[in-house]
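Spelled out from the first residue to the last, the chains are:
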Amino acid sequence: MKVVEILKISTEMLKLLSKNEVSRDDWRFVKMYEEYKNMRSLGVKYRESVRLLSEEYKIGRATVERILKRLDKTVNCPQ
């Protein structure tokens, strides 16, 4: 399969992601986001959960916070 074929199949989804400022690499952090939500549901404080994720994924605290904020944003879907 060629790249152009994938783009044709995914055009509407890619437009939606682009309009909502979803980074092309955000798929890598879905598991991290789910871990964060699980920690918070278990009562782990925000700062502690960010610290733990920062250590586990070997990225900065501010980067974790930006990623979590981006993934938690509500998407504006066309009706």
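Scroll up to find the structure.
Just so it is clear, the structure is predicted and the values come from calculations on it, not from any experiment.

Caption draft 1: How the structure looks around the packing of aromatic side chains. All told, the structure shown has 2 aromatic pairs when counted by the stated rule. With a centroid separation of 6.5 Å and 40° between ring planes, the pair formed by Y33 and Y36 is classed as tilted. In this pair, Y33 and Y36 both sit in helix 2 (residues 30-41), 3 residues apart, roughly one turn of the helix. For the residue pair Y33 and Y36, the accessibility class agrees, reading buried in each case. Their ring planes at 90° and their centres at 6.2 Å tell us that Y36 and Y46 sit as a pair that is edge-to-face. Remark: Y46 occurs in helix 3 (residues 46-57) and Y36 occurs in helix 2; sequence separation between them is 10 residues. Classification of Y46 by relative accessible area gives partly exposed; the value is 32%. Grouped by ring-pair contacts, the aromatic residues Y33, Y36 and Y46 constitute a single cluster.

Caption draft 2: Focus on the packing of helix 2 against helix 3. Closest axis-to-axis distance for the helix 2/helix 3 pair is 10 Å, and the angle between their directions is 145°. Considering how the two elements wind past one another, helix 2 and helix 3 form a crossing that is right-handed. On the side of helix 2, the interface is formed by K31, M32, E35, Y36, M39 and R40, while helix 3 contributes Y46, S49, L52, L53, E56 and Y57. Class assignment of the residues belonging to the contact of helix 2 with helix 3 gives a composition of 7 nonpolar, 1 polar and 4 charged.

Caption draft 3: Geometry of helix 3. With 12 residues, helix 3 should cover 16 Å at 1.5 Å per step; its first-to-last C-alpha distance of 16 Å lies within 8% of that length. Those residues of helix 3 not exposed but buried are S49, V50, L53 and S54. Across the axial projection of helix 3, the buried residues extend over an arc of 135°, all falling on one side. Against helix 2 and helix 4 (61-72) lie the buried residues of helix 3. Count one or two residues on from helix 3 and you reach K58, which has phi positive near 55°.

Caption draft 4: Examining the pattern of salt bridges more closely. Applying the stated criterion across every chain, the model contains 6 salt bridges. Ionic pairing is found between R70 and D26, a salt bridge with its closest N-O pair at 2.7 Å. Here D26 lies in the loop between helix 1 (3-19) and helix 2 and R70 lies in helix 4, a separation of 44 residues in the sequence. A residue is classified by how much of its surface remains accessible, and R70, at 31% relative accessible area, is partly exposed. You can call D26 buried: its relative accessible area is 4%. One salt-bridge network, held together by shared partners, links E48, R51 and E55.

Rules of the game
- Residues numbered from 1 in each chain as written.
- Predicted model: local features only at pLDDT ≥ 70, side-chain atom pairs only at ≥ 80, totals over all residues.
- Heavy atoms only, no water.
- Phe/Tyr/Trp six-rings, centres within 6.5 Å; stacked < 30°, edge-to-face > 60°.
- Helix = DSSP H or I, 4+ residues; strand = E, 2+ residues; numbered from the N terminus.
- Buried < 20%, exposed > 50% of the residue type's maximum accessible area, 1.4 Å probe, protein only.
- Axes fitted to C-alpha atoms, helices over the stretch in contact; angles between N-to-C directions.
- Left-handed = near helix turned anticlockwise from the far one by under 90°.
- Contact = heavy atoms within 4.5 Å.
- Nonpolar A, V, L, I, M, F, W, Y, C, P; charged D, E, K, R; others polar.
- Expected span 1.5 Å × (residues − 1).
- Arc of directions from axis to C-beta.
- Salt bridge = Lys/Arg side-chain N within 4 Å of Asp/Glu carboxyl O.

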